[in-house]
Amino acid sequence: MAFGLLTNILIVFAIALAVGMLFDRIRVPPLVAFILTGVIVGPYGLSLIQEQSDVTNLAELGIILLLFTIGLEFSFRDLWKIRSIAIVGGALQVVLSFAFFCGFAIVMGLPPNQAILMGFLFSLSSTAIVLKILHQRGEIDSPHGSIALGILIFQDLAAIPMIMAIPFLASIPQISDTPFLSIDSLISLVITDLVIVLVLIALAKWVVPRVMHEIAKTRNQELFLLVVILTCFGIAWMVTFTGVSLAIGALLAGLIISGSEYSHQATSIILPFRDIFTSFFFISVGMLVDIRFFAGHFWFVAFLICIAIVAKALLATAAPLALGYPLRTAVITGLALAQVGEFSFIIAQGGFNTGILPAEIYQVFLIVALMTMAATPFVIALGNPVTGRLCSMPAMSRIARGTCSMDDDRKSPPKKDHLVIIGYGVTGRNLARTAANSGITYSIIELNPDLVRAARAEGESVIFGDATSEGVLAHAGISTARIAVVAIDDPVATRKIVGICRRLNPALSIIVRTRYVSEAQDLQAIGADEVIAQEFETSVEIFTVVLNKYFVPRSQIESFISDIRADGYQMLRSRSPQHGTLPDLMRHIPHVTITSMAVEPGSPLDGVTLGEVSLRKQTNLLVLAIRRGNDMITGLSGETRLLAGDIAIIYATPEDIARGARLFSRKDGA
């Protein structure tokens, strides 16, 4: 028996590995590969698994561990941070989707309990697939990524009462014949539930934290793993006496531990086991898919797949639009959520086991769900082409006023030689404040209505719109601007914005903030002049602190940082020295740098010419250029006069710069 189980596991893993590698090449999520593995090894495929109950038992463990880790990772504090989109947007999306698909099922002739279950199944989306794809695309922190995450969190929470409602839905056909619960049964159930709740409160408040604290003091990972597993399965087993499933009991166990300081360690220990056993659940689902049924009802199933994707995308788009988010953000969010979720499989299996879903309808659901999941990467990729087409339609632009183009409520006078800030997050806000303090004229573009509202409350004049639209950029005066700074967390939109800015203003200096340095070359090829990568800037900050600890002169550190940034972080990318560029040449000339120094009022250089002061002979400082206001003076001679407020661009060694700095400073007593 044990040998047969081992054989089945080896067969499943071997096929899952081969299918997973193939699907990874075409960017299809591994979850779909697991379901297809089940199709291959199952009774409707090659019938390679003789004891299907073995895989089913392992799948049960996977569901328990999945809900346990969801409970561990759940945080009311994190939910409160995104409460607007998670609670309001998530509730709106779930209600709209439930109403549509429940009504569609009734129109198709299904009885009420089956129609309600169909509403449950198609109102949920796949957290695992959506977050993985957004992470691969670098869009997890983008506006649509944050909205999708909030809605998915609400969906995961909404799945809990849906699972608990399955026994009630199963009893609906008998309601007219016999009561759902007798008085004695109801009293017994209430007393049992009350006792279980009190026990859970006691465990959460006193028992579990104390036990885990004592185990943690031993610093024994094996004992810690045992107490986590014992808590998970022990509480799950205990709550089954109330009629609740093991999976919901495991979720409650996770919530009990999540409030303690040991939740992160427990999560890290459980995750590998969860991933292994959860894969068996999706493989067991795949075993139930009948390929012959799909072939025999191909056009009907294909029609339902199209209905599911289009309807879910439209209904999920409506939620962020109702909250005031831009059309582009809402549409990409809707496309990201246009698939059936993993919790839907759990609900569907419960409905099938309790007799709510007949075998044929269950087959239809499995195939439709599988195909919507497999199509997710390709559906998300349609985001930018679809929004571009929608925003080019005058009727759509009028309907979604301010989300395709600019907010016309706030007109600003024409600007010239100004700064355009695209994105009013932390970077954009700090840049705007610095520009204001320096007297630099600037325009701000932002498509998050909450940030726009906050900025206007601070007195900023912000253009509300999508910077991937030429109309928005034109409204910000991009064609007459000197500099544009792109500081948003959407890499796809960033590349599009850079290309449009370069086309509208070839002389524009474009500075881009990006998360990863791997994006730098693509952005520079599109038209960015400078790309500042957050991951390397973190390294710069760290080695600045380290060099300070070793008492390296500040001037040398600043020169070092300047060279690294000017060289596109090449030194941090490779150990091999590169030659031929000006920054590299400067780095190979010892102790020479370029810096800027301001001429202070009353200093020895205030009002004198370069010939009179003989700066080169006295201090070895070579003046390359002078910035006076908005003008840059490069044709220097002995007759060039220095004035208070001038910024001199100096080429010299750090030591000579330090000695010559006194000439630029105000005289004592002046």
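Report follows, based on the coordinates.

What counts as what
- The residue count restarts for each chain, going from 1 along the sequence in the order it is written.
- With the structure being a predicted model, the display of local features is reserved for residues of pLDDT at least 70 and the display and counting of side-chain atom pairs for 80 or more, all residues being used for whole-chain, interface and lining totals.
- Each side-chain value is derived from all of the structure's non-hydrogen atoms; neither hydrogens nor water enter the calculation.
- Here the rule is simple: two strands pair whenever DSSP picks up at least two bridges between them.
- Each helix is a run of DSSP H or I of at least 4 residues and each strand a run of E of at least 2, with the numbering of both proceeding from the N terminus.
- Lines fitted to C-alpha atoms define the axes, with helix axes restricted to the stretch in contact, and inter-axis angles between N-to-C directions lie between 0 and 180 degrees.
- Contacts between residues were defined by any pair of non-hydrogen atoms, one from each residue, lying within 4.5 Å.
- Relative accessibility under 20% of the residue-type maximum defines a buried residue, over 50% an exposed one, and the middle range a partly exposed one, all with a 1.4 Å probe and only protein chains included.
- In this description, one arc is meant: the one made by directions from the helix axis to the C-beta atoms.

## Topic: the sheet that holds strand 3 (residues 462-464)
- With parallel pairing, the 6 strands of this open sheet are ordered in space as 3-2-1-4-5-6. Each edge of the open sheet carries a strand with a single partner, namely strand 3 and strand 6 (530-533). Within the sheet, the average angular offset between the axes of one strand and its neighbour, ignoring direction, is 20°.
- When strand 1 (residues 419-422) meets strand 4 (residues 483-486), the two strands line up parallel, connected through 4 bridges. The residue bridging I421 from the neighbouring strand is V485, located in strand 4.
- Contacts between helix 22 (residues 449-457) and the sheet are confined to strand 2 (442-446) and strand 3, with strand 3 contributing the most and set at about 155° to the helix.
- Helix 24 (residues 491-504) contacts strand 1, strand 4 and strand 5 (509-514) of the sheet and is inclined by roughly 175° relative to strand 5.

## Notes on the pairing of strand 10 (residues 647-652)
- Two strands pair when backbone bridges link them, and strand 7 (residues 593-598) and strand 10 are joined in this way by 6 bridges, in the antiparallel orientation. If you follow A598 over to strand 10, its bridge partner there is I647.
- Across 5 bridges, the pairing between strand 8 (residues 622-628) and strand 10 is antiparallel. When the sheet's bridge partners are listed, L622 is paired in strand 10 with Y651.

## Details of helix 22
- Among all positions in helix 22, only P449, V452 and A455 are buried. Looking down the long axis of helix 22, one finds its buried residues gathered within 125° of arc, a one-sided arrangement. Facing away from the buried side of helix 22 by over 90 degrees, the exposed positions are R453 and A457.
- Its buried side turned inward, helix 22 meets strand 2 and strand 3.
- Where helix 22 ends, the next residue or the one after it, G459, has phi of about 95°, a positive value.

## Looking at helix 16 (residues 327-336)
- Most of helix 16 is tucked away, with 10 of its 10 residues classed as buried.
- Taken residue by residue, helix 16 has L327, R328, T329, A330, V331, I332, T333, G334, L335 and A336 as its buried positions.

## Topic: unusual backbone geometry
- Positive phi, normally seen in glycine, also occurs at S47, with a value near 55°.
- Take S47: it is sitting in the loop between helix 2 (30-41) and helix 3 (52-73).
- Residue classification places S47 among the partly exposed positions, given a relative accessible area of 34%.
- The backbone phi angle of D417 is positive, close to 60°, even though this residue is not glycine.
- On the basis of relative accessibility, which here comes to 38%, the residue D417 falls in the partly exposed class.

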